[in-house]
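# Structure assessment
Chain by chain, the residues run as shown.
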Amino acid sequence: MKKSKTKKLALTELEYDLIETGRNYKRSFPLGDPNLRYYLERLFVEWLEGDNED
């Protein structure tokens with residue numbers, strides 16, 4: 001059996017929202033709300049275009 005490693009990361013609110021929305025979208029697919037995918041895409045674009053403080 002393969003052991004999975006975990007690592008703690010500090011996430012911004014945007015990153016956390018992006019991850020949770022992605023998980024919700026995967027759970028709702030294919031019968032989910034199409035607006036959820038649109039919102040997920042907008043979060044991703046916002047994350048890509050955001051401040052580069054990392």
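The residue count restarts for each chain, going from 1 along the sequence in the order it is written. Predicted model: local features are reported for residues with pLDDT of at least 70 only, side-chain atom pairs are reported and counted for 80 or more only, and whole-chain, interface and lining totals are derived from all residues. Excluding hydrogens and water, the side-chain figures rest on all heavy atoms present in the structure.

## Describing the overall build of the chain
- Numbering of helices and strands runs from the N terminus; a helix is a DSSP stretch of H or I covering at least four residues, while a strand is a stretch of E covering at least two. Along the chain, the regular secondary structure elements total two helices and zero strands.
- Along the three orthogonal principal directions, the C-alpha set of the chain runs to about 40 × 35 × 15 Å.
- Across the 54 residues that make up the chain, the buried fraction comes to 13%.
- Summing over all exposed atoms, the chain offers an accessible surface of approximately 5600 Å²; the carbon and sulfur share of this is 54%.
- The convention is simple: Lys and Arg are positive, Asp and Glu are negative, and His and the chain ends are not counted. Here the site of a charge means atom NZ of a Lys, CZ of an Arg, CG of an Asp or CD of a Glu. With 10 positive and 11 negative side-chain charges, the chain shows a spacing of 16 Å between the two charge centroids. A 1.4 Å probe rolled over the protein chains alone gives each residue an accessible area, and that area as a share of the maximum for its type sets the label: buried under 20%, exposed over 50%, partly exposed in between. Computed with the Shrake-Rupley method and a 1.4 Å probe, the accessible areas treat only the protein chains shown as cover for residues.

## What about the environment of Y38?
- In this fold, Y38 is placed in helix 2 (residues 34-49).
- With relative accessibility at 52%, the residue Y38 sits in the exposed group.
- C-alpha of Y38 to C-alpha of L18: the two residues are 20 residues apart in sequence and 12 Å apart in space.

## Quick look at the environment of L11
- By the secondary structure assignment, L11 is in the segment before helix 1 (13-28).
- On the accessibility criterion, L11 (43% relative accessible area) is partly exposed.
- C-alpha separation for the pair L11 and G50, spaced 39 residues apart in sequence, amounts to 14 Å.
- Whether two residues touch is decided by their heavy atoms; if any such pair falls within 4.5 Å, the residues are in contact. For L11, the residues in contact, after removing those within four places along its chain, are Y16 and I19.

## Some points on the side chain of E15
- Mapped onto the elements, E15 comes out in helix 1.
- Criterion for a salt bridge: a side-chain nitrogen of Lys or Arg within 4 Å of a carboxyl oxygen of Asp or Glu. For the buried residue E15, which engages in no salt bridge, the nearest side chain bearing the opposite charge is R23, 13 Å off.
- Among the polar contacts made by the side chain of E15, one reaches the side chain of W47 at a distance of 3.4 Å. The definition of a polar contact used here is a pair of N or O atoms within 3.5 Å, where within protein one atom must be able to donate a hydrogen and the other to accept one, and adjacent residues in sequence count solely through side-chain atom pairs.

## A short note on the packing of aromatic side chains
- Stacked, tilted and edge-to-face are the three classes assigned to paired rings of Phe, Tyr and Trp, where Trp is represented by its six-membered ring and a pair needs centres within 6.5 Å; plane angles under 30 degrees give stacked, over 60 edge-to-face, the rest tilted. Taken as a whole, this structure holds one aromatic pair when the rule is applied.
- On the numbers, 5.8 Å between centres and 35 degrees between planes, the contact of F44 with W47 is tilted. One end of the pair, F44, and the other, W47, are both in helix 2, three residues apart, so they sit about a helical turn from each other.

By themselves, these are just geometric observations and shouldn't be taken as functional.
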